[in-house]
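# What the coordinates show
Single-letter residue listing:
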Amino acid sequence: MAQSLESIPNNVDLSSDRRLQRALEQWQPNFLSWWREVGPEGFQAHQIYLRTAVSVEPDGWATFDYVRMPEYRWGIFLAPRSGERKIGFGDNFGEPAWDDVPGEHRNALRRIIVTQADTEPASVEQQRLLGKVAPSLYDLRNIFQVNVEEGRHLWAMVYLLHRHFGRDGREEAEELLARRSGSSDKPRILNAFNEPIDDWLSFFMFAMFTDRDGKYQLSALAESGFDPLARTTRFMLTEEAHHLFVGEMGVDRVVQRTAELMAQGKEPRKEGAVPLDVIQRYLNQWFTLSLDLFGGEVSSNAADFFAAGLKGRFREDDQPEHKALSASYRLEVPENGALIEQEVPLRNAMNEVLRDEYVKDCQRAVDRWNKTLLRSGVSGLSLRLPSRRFHRGVGPCATATFDPEGRLISEAEYEARKGGWLISEADRAYVQALMHPVYQRGKVASWIAPPAKGINGMPVEFEYVKPPDA
Ligand SMILES: [Fe+2]
Ligand SMILES: [Fe+2]
């Protein structure tokens, strides 16, 4: 069913800009065909209990109701302007933020926006088959919530491209619907977004680790001197919190189920649950893949983006010095078979500075999972975050081989031992075999504990997804 443009909730005064309105009207049917073609398969007509963003008011920014996904009201919202905003970092520190794209930063900003935008539809494509094997109606609803909001994030970015980048922006918006996750001729831009997500453990790991990279990228962009980008990403972060919750608590519930069985002296494999060593290998793989998304440890691009005021640090306000001109950053890099210390200007280490915040946040989640292990009666065993040098595909550590503790090891040793560290074919097949749909209200699959509570105050056994004709 076609949606009229007037029905698109927005706070950007869409109706007053005819040119923009026409551009979006042309893009919208293509978005909907994309959604039907590669969005969640088999559930387009189901009624899903979804949250829809309707305003930017902190209390009551969203409503909850049953919606068929193709009729979701993908809106365009920018966080409210906060007075006369100033650029908070870099060479232009203290100058007024830009409402329009400065000519000299046009290409860089377009690249930043397109790279972020590309991840949004990519993740919907990656997850499109998972509805067929959801472990509960609660989880089924959650993945669709994440999917429609990634769709809204695509709208948010496409709005910026259409509104601020003219013809180039319109072409980029079309390309965003033309690339496909995992495709050999038109893949998505970033690697982790071309990885298959065929099972729910991968989905929870993705939402925990890969979507969390998104949180840090969005936080850095929320500082941008290009004010429309800052305000758009700020609002996206309010939705993102739920995606990260779905990932972190999803893994937590898998850990809980495994731990409860172990505490009863049962073997998780015999009970249709996921053994702890398999969970650890999934964690290792998704954490390290996601580390690469931050880019190289030493990066002149990152320095340029910071200098220009395009991309700041996580919570730039809390930083002691916003030009970051005099400080330096020490890091360890492999060189000729040894780890050596290198000192680089802070601006060149901005990717690593953001990665530091991310790693801290991931460690916090791992600590939570380990508490769940203990609380469920398993002591002496724990999950661990591998070293950020392990299994890297980007940056200096990609040129050498490391074990999960971060020790430099020979390639031969790495090859011999990696089966114990990364997801094996056998792991994948085992987890895949556990995937069966559980669609009875209040029931969950054998490999995961039920959630502690439902969505929006509803009970766990609420009918979060209804068949089309219900
Ligand atoms: Fe997103
Ligand atoms: Fe997300």
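Below, the structure is looked at part by part. Given the structure is predicted, the values throughout are model-derived calculations rather than measurements.

### Looking at the overall build of the protein chain
- Secondary structure assignment for the protein chain yields 11 helices and 7 strands.
- For 470 residues, the compact-globule formula gives about 23 Å, and the C-alpha radius of gyration of the protein chain, at 23 Å, lands near that figure.
- Projected onto the principal axes, the alpha-carbon positions of the protein chain cover approximately 65 × 65 × 45 Å.
- Sorting the 470 residues of the protein chain into buried and exposed places 45% on the buried side.
- Taking the intrachain contacts of the protein chain between residues at least 6 apart in sequence as the baseline, contacts between residues at least 24 apart amount to 70%.

### What about the packing of helix α6 (residues 227–263) against helix α9 (residues 350–375)?
- As a packed pair, α6 and α9 sit with axes 9 Å apart at the nearest point and diverge in direction by 25°. By the criterion of interaxial angle, the relationship of α6 to α9 is roughly parallel. In this structure, α6 crosses over α9, and the sense of that crossing is right-handed. Here Glu-248, Val-251, Asp-252, Val-255, Gln-256 and Ala-259 of α6 come into contact with α9, specifically with Ala-365, Arg-368, Trp-369, Thr-372 and Leu-373.
- Within the contact of α6 with α9, the residues separate by chemical class into 6 nonpolar, 2 polar and 3 charged.

### Quick word on the nonpolar core
- Counting 111 residues, the largest nonpolar core has Ile-113, Val-158, Phe-204, Met-205 and Val-254 as the members making the most contacts within it.
- Looking at this core element by element, the count peaks at 15 residues for helix α3 (residues 137–164).
- Setting aside chain neighbours within four positions, we find Met-205 in contact with Val-251, Tyr-282, Leu-283 and Trp-286.

### Regarding the environment of Tyr-430
- If you trace the backbone, Tyr-430 turns up in helix α11 (residues 425–434).
- Residue Tyr-430 is classed as partly exposed on the basis of its C-beta count, with 15 C-beta atoms lying within 10 Å.
- Along the sequence, Tyr-430 and Arg-269 sit 161 residues apart, while their C-alpha atoms lie 8.9 Å from each other.

### A few points about unusual backbone geometry
- Notably, Asn-336 is not glycine yet its phi reads approximately 50°, a positive angle.
- Within the secondary structure, Asn-336 is located in the loop between β3 (328–335) and β4 (338–345).
- We classify Asn-336 as exposed; it has 6 C-beta atoms within 10 Å.

### What to know about the pairing of strand β1 (residues 47–53)
- Burial runs high along β1: 5 of the 7 residues are buried.
- Sheet topology places β1 next to strand β2 (residues 62–67); 6 bridges connect them, and they run antiparallel. Paired with Ile-48 across the strands is Val-67, a residue of β2.

### Quick word on the environment of Glu-267
- In this structure, Glu-267 sits in the loop between α6 and α7 (276–292).
- Between the C-alpha atoms of Glu-267 and Gly-442, which are 175 residues apart in sequence, the distance is 25 Å.

### Let's talk about the packing of α3 against helix α4 (residues 166–178)
- Two numbers describe how α3 lies on α4: the axes approach to 7 Å, and their chain directions differ by 155°. Viewed along their axes, α3 and α4 adopt a mutual orientation that is roughly antiparallel. Packed against α3, whose contacting residues are Leu-154, Val-158, Leu-161, His-162 and His-164, the element α4 presents Gly-169, Arg-170, Glu-172, Ala-173 and Leu-176 at the interface.

### Side note on the sheet that holds strand β7 (residues 465–466)
- As summarised here, the arrangement of the 3 strands in space is β2-β1-β7, forming an open sheet in which the pairing is antiparallel. Among the strands making up the open sheet, the edge pair consists of β2 and β7.
- Against the sheet, α3 engages β1 and β7, with an angle of about 40° to β1.

### Thoughts on α4
- An ideal rise of 1.5 Å per residue puts 18 Å on 13 residues; α4 measures up with 19 Å between its terminal C-alpha atoms.
- Residues of α4 that are buried: Gly-169, Glu-172, Ala-173 and Leu-176. Buried positions in α4, seen along its axis, are confined to an arc of 105° and lie on one side of it. Away from its buried face by more than 90 degrees, α4 exposes Arg-167, Glu-171 and Ala-178.
- On its buried side, α4 packs onto α1 (18–38), α2 (106–126) and α3.

Rules of the game
Residues numbered from 1 in each chain as written. Chains lettered and ligands numbered in written order. Predicted model: local features only at pLDDT ≥ 70, side-chain atom pairs only at ≥ 80, totals over all residues. Helix = DSSP H or I, 4+ residues; strand = E, 2+ residues; numbered from the N terminus. Rg over C-alpha atoms; globule rule 2.2 N^0.38 Å. Buried ≥ 20, exposed ≤ 12 C-beta atoms within 10 Å, placed from the backbone. Contact = placed C-beta atoms within 7 Å. Axes fitted to C-alpha atoms, helices over the stretch in contact; angles between N-to-C directions. Parallel < 35°, antiparallel > 145°, perpendicular 65-115°, else oblique. Left-handed = near helix turned anticlockwise from the far one by under 90°. Nonpolar A, V, L, I, M, F, W, Y, C, P; charged D, E, K, R; others polar. Core = buried A, V, L, I, M, F, W, Y, C linked by C-beta atoms within 7 Å. Pairing = 2+ DSSP bridges. Expected span 1.5 Å × (residues − 1). Arc of directions from axis to C-beta.

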